[in-house]
Amino acid sequence: MCGITGYVGVKDATPVLINALKKLEYRGYDSAGIAVFDGQEILVRKSKGALKFLEQKLAKEIIRGSIGIGHTRWATHGEPSDINSHPHTDVSGSIAVVHNGIIENYVSLREKLEKKGFAFKSQTDTEVAAHLIHFYYEGNLLEAVSKALKDISGSYALAVLCDKQPDVIVAARKDSPLVIGTAKNEQFLASDVTALLEYTRDVYYVDDNEIVEIKKDSVKFYDNDLEPITKQTSHIDWDIDSAEKCGYEHFMLKEIHEQPAALRQTLSPRITKEKKIDISEIASDEILRSTERIVITACGTAYHAGIVGKYVIEHFARIPVDIDIASEFRYREPIFNPKNLFIIISQSGETADTLAAMRMAKKCGARIIAITNVAGSTLAREADAFMHTNGGPEIAVASTKAFTTQLMCLYLIALKLAELKGTISEENLSKAIKELETISAKAEIVLQDKKTIQKFASRTFNKKKAFFIGRLADYAISMESALKLKEINYTHSEAFAAGELKHGPIALIDTDTLVVAICTQRALFEKMDSNIKEVKARGASVLCITYENEHFFDDSADAVVHIPETFDEFTPLLSIIPSQLYAYYCSVQRSLDPDKPRNLAKSVTVE
Ligand code: F6R
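Residues numbered from 1 in each chain as written. Predicted model: local features only at pLDDT ≥ 70, side-chain atom pairs only at ≥ 80, totals over all residues. Heavy atoms only, no water.

The helix and strand tally for the protein chain stands at 18 helices and 25 strands. Expected size for 607 residues packed as a compact globule is a radius of gyration near 25 Å; at 25 Å, the protein chain falls within 12% of this value. With the C-alpha coordinates of the protein chain rotated into their principal frame, the extents come out at 75 × 55 × 40 Å. Per-residue burial over the protein chain gives 61% buried out of 607 residues. Accessible surface for the protein chain amounts to roughly 23,100 Å². Of this, 48% is attributable to carbon and sulfur atoms. Charge separation in the protein chain, taken as the distance between the mean sites of 73 positive and 84 negative side-chain charges, equals 2 Å. (Helix = DSSP H or I, 4+ residues; strand = E, 2+ residues; numbered from the N terminus. Rg over C-alpha atoms; globule rule 2.2 N^0.38 Å. Buried < 20%, exposed > 50% of the residue type's maximum accessible area, 1.4 Å probe, protein only. Areas by Shrake-Rupley, 256 points an atom, 1.4 Å probe, with all protein chains shown as cover. Lys, Arg positive; Asp, Glu negative; His and termini not counted. Charge placed at Lys NZ, Arg CZ, Asp CG, Glu CD.)

Encoded structure:
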């Protein structure tokens, strides 16, 4: 999704803006641009394609000034092109705007403005904002932006520069993330904190319907009607290294390897000295004990974590769990009562569909628990309670450590509910907690032996089709595995509940098919072995993921990858790792960039 940034201070703005845009690259983009006031006028440079093209342009057409705004665009309205790239300006070039989001009524606004004589250059929705602000400008940029926003419906994180007030950036937010970084004599703005970390750790999270006036030495917040708002800064305490590659070739590989530490960070603060689970941050024991039904909603990878959540909560706590994709849920007519818990999962905490689902559930009176990796995110702030996955920043587009840490949160919720509902004995609960405490070390073991996967990837990376099969939790992991391969290797990959194969999908199997069989549910080994034999007999190459010292599948699969012994219920925490590595190595074999897959954005802030 688009990334926006801005700077006002004492430094040369261009390198600061480019630096911040580089940090936002992971969000996905197809063009980039900046606007800087050079002391006389606002100069705009923009370019289709990678940031390096913008940098090349800037090397030839240098602009210097200490105030500016920047943007990486992920095309929605109008093709990726120099003209459609942001910043957009009004006709006189005196107002420049960068925008993340969608102006839904831009067609009618454009018609009205055209009738008034405004000439449009681009096909974008954003350009209407530049003309509208010009239309309302009467010597006060803050007022002009506020008036323009009243005409706009849709979502936005917006930053505006005006040559008549060259000491100020006005920014605003509705349904698109925006943070302001503050330091002595300089202020920064960006779509997310990773872009600011190099300069400051003190940030303001802008809330919906807030407008901000940013000067070198002040940051002032207002509501829609320009009534002042008092806000506190938050201090970011995670290390900048967490947002750098630290010697790994790609962020994705780094983040896969960070899983043991991330899992530890998720688990340890929630296990007391007495070896009990403490998740009081999400609800009192009383609320949890009286929970009669749970609804889980999320998108993509987070949705797959939710499916595992359903299995384990139903297994351990015997509470019925419904799970839905957020983009579906928001348009259904779900049924809630106050004894229902609504668990919403999102790495970024900014996914548009997920936020819409949460707001809808809130209206229906459900208690909302957000599981997210971003403490200051909209989801974390709007939910009734928030469980931090504590995974550290995830930069690669394809989610890895966010998934396993989300799983860990769901295991903790499942076991706590089981304890409170009395559906698990004390002995089994303490065994389960003890086992969870070994998972991080076991994840290290999975990561130590990557050779089999690397070798198998080098032989099979260009297979036309890949099917992931499994039963129960292995089926959920099959879905997540198929998504990983789809995203970063562009292979047509699908997950099938292994028992469904013969109800249709087996017709697709031929010699150009890879089948990955995830086999960690001991009671179902024989069934899975039959499925492997069925697909082998039809020419598929088969990789099996199962327990160490397990030889059940040696004769049926072409290659076997092992994970350490653990409880069958906990295997998703480990069995996903070989699939993440497999997708990564396939992508590298094809010379693709696994961190930035085509057409995808890290944070999907529009519908
Ligand atoms: C897949 C992936 C996406 C996200 C989905 C939801 O690797 O990253 O499927 O999981 O867009 O994003 P969040 O979790 O930020 O709500």
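This part takes up the sheet that holds strand β3 (residues 42-48). Pairing within the open sheet is antiparallel, and its eight strands lie in the order β3-β2-β4-β1-β10-β9-β11-β15. This sheet does not close on itself; its edge strands, each paired only once, are β3 and β15 (234-235). Sheet strands touched by helix α1 (residues 13-24): β1 (3-8), β2 (31-37), β4 (67-73) and β10 (186-190). Its angle to β1, the strand with the most contacts, is close to 155°. Contacts from helix α2 (residues 51-60) reach β2 and β3 within the one sheet, and its direction differs from that of β3 by about 140°. (Pairing = 2+ DSSP bridges. Contact = heavy atoms within 4.5 Å. Axes fitted to C-alpha atoms, helices over the stretch in contact; angles between N-to-C directions.)

Considered domain by domain, the protein chain is made up of domain 1 (3-237), domain 2 (243-443) and domain 3 (449-595). In this structure, domain 2 and domain 3 have C-alpha centres spaced 25 Å apart. When domain 2 packs against domain 3, close to 2,800 Å² is buried across both sides, 71% of that on carbon and sulfur atoms. At the junction of domain 2 with domain 3, the criterion picks out zero salt bridges. (Domains from an automatic or database assignment. Buried area = accessible area lost by both parts, 1.4 Å probe. Salt bridge = Lys/Arg side-chain N within 4 Å of Asp/Glu carboxyl O.)

Moving on, we come to the environment of Ala441. Inspection of the secondary structure assignment puts Ala441 in helix α14 (residues 426-448). Exposure remark for Ala441: the relative accessible area of 45% places this residue in the partly exposed category. In the structure, Ala441 is positioned 146 residues away from Ser587 in sequence and 27 Å away in space, judged by C-alpha atoms.

The next thing to look at is the side chain of Glu186. On the secondary structure map, Glu186 appears in strand β10. Judged by relative accessible area, Glu186 falls into the buried class, the value being 9%. If we skip the residues at most four places from it in the chain, Glu186 touches Tyr7, Val8, Gly9, Lys11 and Lys216.

Sheet topology note: the strand β21 (residues 465-470)/strand β22 (residues 492-497) ladder contains six bridges and is parallel. When the bridges of β22 are listed, Lys465 appears paired with His492.

With that out of the way, let us pick up the nonpolar core. In terms of nonpolar packing, the biggest core is built from 112 residues, with Ile313 and Leu436 touching the most fellow members. Considering every element that reaches this core, the biggest residue donor is helix α13 (residues 401-421), with 13 residues. There are two domains that each give this core at least three residues, and those are domain 2 (243-443) and domain 3 (449-595). Sequence-distant contacts of Leu436, defined by excluding residues within four places in its chain, comprise Leu267, Met408, Tyr411, Leu412, Leu415, Phe570 and Leu573. Of all hydrophobic cores here, the second largest spans 30 residues; its members include Ile95, Leu109, Val168 and Ile211. (Core = buried A, V, L, I, M, F, W, Y, C linked by side-chain atoms within 4.5 Å.)

In spatial order, the strands read β22-β21-β23-β24-β25; together these five strands make up an open sheet with parallel pairing. In this open sheet, the two edge strands, each paired with only one partner strand, are β22 and β25 (559-563). Strand-to-strand, the axes of this sheet are offset by a mean angle of 20°, without reference to chain direction. Here β21 pairs with strand β23 (residues 513-518) via five bridges, running parallel. Bridge pairing in β23 links Ile469 to Ala517. This element, helix α16 (residues 473-489), spans β21, β22 and β23 of the sheet and lies at about 175° to β22.

All right, on to the pattern of salt bridges then. On inspection of all chains with the given rule, the structure shows 40 salt bridges. Across the salt bridge formed by Lys23 and Glu198, the nearest N and O atoms sit 3.0 Å from each other. Taken together, the residues span a long stretch of sequence, with Lys23 in helix α1 and Glu198 in the loop between β10 and β11 (202-205) at a distance of 175 residues. Here Glu198 falls in the partly exposed class, since its relative accessible area comes to 43%. It is possible to trace a salt-bridge network through shared partners that takes in Arg173, Lys174, Asp175, Asp208, Arg359 and Glu382.

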